[in-house]
Amino acid sequence: MATPSGTIFRFIPQGIRGIPEQREPEPPNFGQIKLENERLKEHIKIGMSAIERTIQVSYRHQVHFTQGVFSADNRALRDVLVNDREERLRKALVIIDESLALSQPGLAREIECYFATYSDCLKLVCPPVVLEGGERAKNSYFHVSEIHSEVEKYHIDRHSYIIAVGGGALLDVVGLAAATAHRGVRHVRIPTTTLSQDDSGVGVKNGINAFGKKNFIGTFAPPFAVINDFQLLHSLPARDKRAGYVEAVKVALIRDGIFFNAIENDAEALAQFEPAAMQRLIYRSAELHLNHIATSGDPFEFGSARPLDFGHWAAHKLEQLSDYKLRHGEAVAIGIALDVIYARRIGLLDTASSERVINLLEKLGFELFANELLNIDAEHNLLVLTGLEEFREHLGGELTITLLKSVGEGVEVHAMNLPKVIEAIYELHERHNRRTHSVVHVHGAS
Ligand SMILES: NC(=O)c1ccc[n+]([C@@H]2O[C@H](COP(=O)([O-])OP(=O)(O)OC[C@H]3O[C@@H](n4cnc5c(N)ncnc54)[C@H](O)[C@@H]3O)[C@@H](O)[C@H]2O)c1
Ligand SMILES: [Zn+2]
């Protein structure tokens, strides 16, 4: 289901709330100017003065779908990099995810050959730099400054490219380095996990963890381009192939009931990692994520709402409590199950819909409980609940959590009933116990 042509989305961020739109300048009225000058003098005298303008910036956000991105005869990457008529060599620094490099040993060489093929217009400044991927890479500033050193060493400027090839964690690290070197170097993402192809890689954020908190340091910086190549996923372990499904389920749940039905229909094929089903899921999920960014009116999250983080308040906390042993997608699956049960318990969501969601996640192979849900502090409070305040703080403003009203429709709430959240946690626990016991029973019987 690869669409060789690029899907191009554009968005223009809206003015920051509270700042009035800039008006067309009026013809000069000299009497008025005199009056204004008097008023200004008066204001300055009493220390009051302000100049307000609205700054509009337009971004072109392009996501291309292709196969074999580094095959010499595939011009997708070349065409993305050579985007104007200037006669110059486009310099590129390529960073690749270590696990990817190990499981696809020919990849670095293939990238070098690709650049050699187009040496009339492209210049790879050094052999691809292999960098640790996975969540651990996000837990310090070390790799960001390593990339900055390469930028300095190879004279990468704001018109050169930093190309990241890897999972969501590596893309977050490289994205942050690219956004901060020279205040922003052109950044091309080539995501290599299901999750980064169907969600994180096509978004506009980057970040690393600090003070034990997810994505504490980061920026909003739309990439220059994203290229999704399904073939790059073949070496992913089953766990990481699956983890990304949950972001598709998430966006289907809050935005597109028909897509949710389609995932249900494909559930068995997805559980077997059948390529056609995976590609359908990735394409539509990426499209829905991009639609949100391009049309929500708040791509840089100036407000307090973040609908695409449905199921994430608990997930981010669980990732941290598990010392990042839980994958982001695995934690989000638990977070969605928790919020769906909670929504049912407060009478927002009907039982049949809540069961549908949980059944689909289980069918896809997700474990919907983690012991970290029951971790407590010295006062016997469940630690996961602190995720709510951390989530609010990360977004700023009023607590805003997206819950499910029906399949395909999210709703924002500004308060959570903690006793009901705790009931939902215990319900997940019981469900998990019943499930594991029945699995043991079936095995014992056979
Ligand atoms: N910036 C955003 O908007 C955003 C959105 C959602 C998630 N995220 C972040 O994305 C991260 C999760 O990303 P992920 O699910 O891609 O996991 P990941 O990046 O941790 O990758 C999982 C593992 O697979 C390895 N790997 C990557 N590609 C491979 C391949 N093709 N073959 C073999 N191994 C490969 C990685 O090295 C890693 O060990 C989290 O840190 C999460 O917070 C960011
Ligand atoms: Zn996520």
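Residues numbered from 1 in each chain as written. Chains lettered and ligands numbered in written order. Predicted model: local features only at pLDDT ≥ 70, side-chain atom pairs only at ≥ 80, totals over all residues.

**Notes on the overall build of the chain**
Step number 1: From N to C terminus, the chain includes 16 helices and 12 strands.
Step number 2: The contacts in the chain between residues at least 6 apart in sequence include a share of 77% that link residues at least 24 apart. (Helix = DSSP H or I, 4+ residues; strand = E, 2+ residues; numbered from the N terminus. Contact = placed C-beta atoms within 7 Å.)

**What about the nonpolar core?**
Step number 1: Counting residues in each nonpolar core, the largest one holds 110 residues, and the members touching the most others are Ile334, Ala337 and Leu361.
Step number 2: Taken together, domain 1 (59-285) and domain 2 (303-441) each give at least three residues to this core, which thus spans both. (Core = buried A, V, L, I, M, F, W, Y, C linked by C-beta atoms within 7 Å. Buried ≥ 20, exposed ≤ 12 C-beta atoms within 10 Å, placed from the backbone. Domains from an automatic or database assignment.)

**Considerations on the site of ligand 1**
Step number 1: Near ligand 1, the surroundings consist of 34 residues, among which Ser99, Gly133, Gly167, Gly168 and Ser200 are the closest.
Step number 2: Sorting the residues of the shell around ligand 1 by element identifies α3 (98-103), α6 (168-180), α7 (194-198), α8 (238-243) and α13 (328-345) as the ones contributing at least two each.
Step number 3: Here the shell around ligand 1 takes 4 residues from α6, the largest share from any one element.
Step number 4: Of the residues assigned to the shell around ligand 1, the class counts are 8 nonpolar, 17 polar and 9 charged.
Step number 5: A domain split of the shell around ligand 1 shows at least three residues from each of domain 1 (59-285) and domain 2 (303-441). (Near = placed C-beta within 6 Å. Nonpolar A, V, L, I, M, F, W, Y, C, P; charged D, E, K, R; others polar.)

**Structural notes on the pairing of strand β12 (residues 409-413)**
Step number 1: Relative to β12, strand β11 (residues 401-406) runs antiparallel, the two sharing 5 bridges. The residue bridging Leu403 from the neighbouring strand is Val411, located in β12. (Pairing = 2+ DSSP bridges.)

**Considering the packing of helix α12 (residues 312-321) against helix α15 (residues 386-395)**
Step number 1: Packing of α12 against α15 leaves a shortest axis separation of 8 Å and a crossing angle of 105°. Classified by the angle their axes make, α12 and α15 are roughly perpendicular. In this structure, α12 uses Trp313, Ala314, His316 and Lys317 to contact α15, whose residues at the interface are Thr386, Gly387, Leu388, Glu390 and Phe391.
Step number 2: Looking at the contact of α12 with α15 residue by residue, the classes come out as 4 nonpolar, 3 polar and 2 charged. (Axes fitted to C-alpha atoms, helices over the stretch in contact; angles between N-to-C directions. Parallel < 35°, antiparallel > 145°, perpendicular 65-115°, else oblique.)

**What about unusual backbone geometry?**
Outside of glycine, negative phi angles account for most residues, and trans bonds account for most peptide bonds.
Step number 1: In this structure, Phe273 is a non-glycine residue whose phi angle is positive, near 60°.
Step number 2: Take Phe273: it is sitting in the loop between α10 (257-271) and α11 (275-295).
Step number 3: At Tyr324, a residue that is not glycine, the phi angle is positive and equals roughly 65°.
Step number 4: Counting through the fold element by element, Tyr324 comes out in the loop between α12 and α13.

**Observations regarding the packing of helix α5 (residues 142-153) against α6**
Step number 1: It is the contact of α5 with α6, at a shortest axis distance of 9 Å, that shows an interaxial angle of 50°. It follows that α5 is oblique to α6 by the angle criterion. For the pair α5 and α6, the sense of crossing is right-handed. Here His143, Val144, Ile147 and His148 of α5 come into contact with α6, specifically with Val173, Val174, Leu176 and Ala177.
Step number 2: Broken down by class, the residue content of the contact of α5 with α6 amounts to 6 nonpolar, 2 polar and no charged. (Left-handed = near helix turned anticlockwise from the far one by under 90°.)

**Quick look at the pairing of strand β6 (residues 161-166)**
Step number 1: With 6 of 6 residues buried, β6 is to be regarded as a mostly interior element.
Step number 2: Residues Tyr161, Ile163 and Val165 line one face of β6 and the alternating positions Ile162, Ala164 and Gly166 line the opposite face, and both faces are buried.
Step number 3: The pairing of strand β3 (residues 90-97) with β6 spans 5 bridges and is parallel. Bridge assignment links Leu93 to a residue of β6, and that residue is Ile162.
Step number 4: Examined bridge by bridge, β6 and strand β7 (residues 186-191) share 6 bridges and lie parallel to one another. By the bridge assignment, Tyr161 is partnered in β7 with Arg186.

**Concerning the confidence of the model for the chain**
Note that predicted coordinates carrying low pLDDT should not be read in detail.
Step number 1: Averaged over all residues, the pLDDT of the chain equals 90, while 89% of them reach at least 70.
Step number 2: Segment residues 1-23 is flagged for pLDDT under 50; beyond a separation of four residues in sequence, or across chains, it makes 47 contacts in the model.
Step number 3: Note on residues 441-446: pLDDT is under 50 here. Beyond four places in sequence and across chains, it has 0 contacts. (pLDDT = per-residue confidence, 0-100.)

**Regarding the environment of Glu247**
Step number 1: Note that Glu247 resides in helix α9 (residues 245-255).
Step number 2: The exposure class of Glu247 is buried, given the 32 C-beta atoms found within 10 Å.
Step number 3: On a C-alpha basis, the gap between Glu247 and Gly311 in space is 9.7 Å, while along the polypeptide they are 64 residues apart.
Step number 4: Ignoring anything within four residues of it in the chain, the contact list for Glu247 reads Leu195, Asp198, Asp199, Ser285, Gly329 and Val332.

**So, the environment of Val151**
Step number 1: Here Val151 shows up in helix α5.
Step number 2: Exposure remark for Val151: the 21 C-beta atoms within 10 Å place this residue in the buried category.
Step number 3: Separated by 31 residues in sequence, Val151 and His182 place their C-alpha atoms 9.1 Å apart.

**Comments concerning helix α14 (residues 351-363)**
Step number 1: A rise of 1.5 Å per residue sets the reference length of α14, with its 13 residues, at 18 Å; its end C-alpha atoms lie 18 Å apart and thus fit the reference within 8%.
Step number 2: Considered for burial, the residues of α14 that qualify are Ser353, Ser354, Val357, Ile358, Leu360 and Leu361. Buried residues of α14 fall within an arc of 160° about the axis and therefore sit on the same side. Pointing more than 90 degrees away from the buried face of α14 are the exposed residues Thr351, Ala352 and Asn359.
Step number 3: Buried-residue contacts for α14 involve α9, α10, α13 and β11.
Step number 4: Just beyond α14, the residue with positive phi is Gly365, at close to 105°. (Expected span 1.5 Å × (residues − 1). Arc of directions from axis to C-beta.)

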